[in-house]
Amino acid sequence: EPEVTQTPSHQVTQMGQEVILRCVPISNHLYFYWYRQILGQKVEFLVSFYNNEISEKSEIFDDQFSVERPDGSNFTLKIRSTKLEDSAMYFCASKGRGQENQPQHFGDGTRLSIL
Amino acid sequence: DQQVKQNSPSLSVQEGRISILNCDYTNSMFDYFLWYKKYPAEGPTFLISISSIKDKNEDGRFTVFLNKSAKHLSLHIVPSQPGDSAVYFCAAIVSARQLTFGSGTQLTVLP
């Protein structure tokens, strides 16, 4: 069964450094998402991406965050200057084309630890 | 933001019995509801969903019930198996947009 893959599985970064989290969505999917889960808290929506542009973003997704689809397969989340509170599990998800009520499929996440 | 609530952080059930996981929501605009299962060190895995125009959806051992007037949905697992032990998240969507998750319920199925 096709999967969403995320790399790295664990990223440790010094506060203030830039970090890029990578995702390869399911190949025929066109809707892409990033979520995060801070330890002990709910999974929270960050951003959705469709047709090479952001379609929606949450309050969390401020100017320090950006997303990109640099080629036909990768979908990246960049945090420009990391803060301690950015430590969390970051999940990428994707959804099939042209279908409204279809489930989003998730990768196994990247654990981001900011020191 | 408490639009989707799972009030039971944990549930233990004997193998072979029924597991019932509950979820309440406050946003009447939600039109699609999903259950995800999550094992440690893995991402959420889609389990079953239901549209707001239905009140029941069944897939093998899993059945989701939706009570719109009560803004309540539940997931029934029958019979429960030890491999079902995981965290179960309820999630909801408005107009095919982003998922709003509950806080999760840890299900433990005892052999």
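These remarks concern the structure in this document. Keep in mind that what you see is a predicted model, and the values were worked out from it rather than measured. (Residues numbered from 1 in each chain as written. Chains lettered and ligands numbered in written order. Predicted model: local features only at pLDDT ≥ 70, side-chain atom pairs only at ≥ 80, totals over all residues. Heavy atoms only, no water.)

**Considering the overall build of chain A**
Move 1: Along chain A, the regular secondary structure elements total zero helices and eleven strands.
Move 2: In sequence order, chain A lays out its α and β elements as β-β-β-β-β-β-β-β-β-β-β.
Move 3: Computed over its C-alpha atoms, the radius of gyration of chain A comes to 13 Å, within 12% of the 13 Å expected for a compact globule of 115 residues.
Move 4: C-alpha atoms of chain A, sized along the principal axes, occupy 40 × 30 × 25 Å.
Move 5: Residues counted as buried form 46% of the 115 residues belonging to chain A.
Move 6: The long-range fraction of contacts in chain A, counting pairs at least 24 apart against all pairs at least 6 apart in sequence, stands at 54%.
Move 7: Within chain A, one finds 11 positive and 15 negative side-chain charges whose respective centroids are separated by 1 Å. (Helix = DSSP H or I, 4+ residues; strand = E, 2+ residues; numbered from the N terminus. Rg over C-alpha atoms; globule rule 2.2 N^0.38 Å. Buried < 20%, exposed > 50% of the residue type's maximum accessible area, 1.4 Å probe, protein only. Contact = heavy atoms within 4.5 Å. Lys, Arg positive; Asp, Glu negative; His and termini not counted. Charge placed at Lys NZ, Arg CZ, Asp CG, Glu CD.)

**Regarding the pairing of strand 3 (residues 19-25) of chain B**
Residues and elements named next belong to chain B.
Move 1: Residues of strand 3 alternate between two faces, with Ser 19, Leu 21, Cys 23 and Tyr 25 buried on one and Ile 20, Asn 22 and Asp 24 left unburied on the opposite face.
Move 2: Strand direction decides the pairing type here: strand 3 and strand 8 (residues 72-77), joined by six bridges, are antiparallel. Pairing of Ser 19 across the sheet is with Ile 77, part of strand 8. (Pairing = 2+ DSSP bridges.)

**So, the interface of chain A and chain B**
Move 1: Every contact between the two is made by 17 residues of chain A and, on the other side, 22 residues of chain B.
Move 2: Approximately 1,700 Å² of surface area, both sides summed, lies buried where chain A meets chain B, with 56% of it carried by carbon and sulfur atoms.
Move 3: Here chain A and chain B share one salt bridge between them.
Move 4: With its nearest N and O atoms 2.4 Å apart, the salt bridge here joins Arg97(B) to Glu56(A).
Move 5: In this structure, the connection of chain A to chain B is made through six residue pairs in polar contact (both at pLDDT 80 or more).
Move 6: Broken down by secondary-structure element, the contributors of at least two residues to the side of chain A that touches chain B are strand 4 (29-37), strand 5 (43-50) and strand 9 (88-96) of chain A.
Move 7: The dominant element in the side of chain A that touches chain B, judged by the number of residues it contributes, is strand 4 of chain A, at three residues.
Move 8: Classifying every residue of the side of chain A that touches chain B by side-chain character gives seven nonpolar, five polar and five charged. (Buried area = accessible area lost by both parts, 1.4 Å probe. Salt bridge = Lys/Arg side-chain N within 4 Å of Asp/Glu carboxyl O. Polar contact = N/O pair within 3.5 Å; in protein donor to acceptor, adjacent residues only side chain to side chain. Nonpolar A, V, L, I, M, F, W, Y, C, P; charged D, E, K, R; others polar.)

**Quick word on the state of the cysteines**
Residues and elements named next belong to chain A.
Move 1: Within the structure shown, the criterion is met by two disulfides over all chains.
Move 2: At a sulfur-sulfur separation of 1.9 Å, the disulfide partner of Cys 23 is Cys 92. Measuring handedness by torsion sign, the sulfur bridge of Cys 23 and Cys 92 sits at about -65° and is left-handed. Placement of Cys 23 in strand 3 (residues 19-24) and of Cys 92 in strand 9 is noted, with a sequence separation of 69 residues between them. (Disulfide = S-S within 2.5 Å.)

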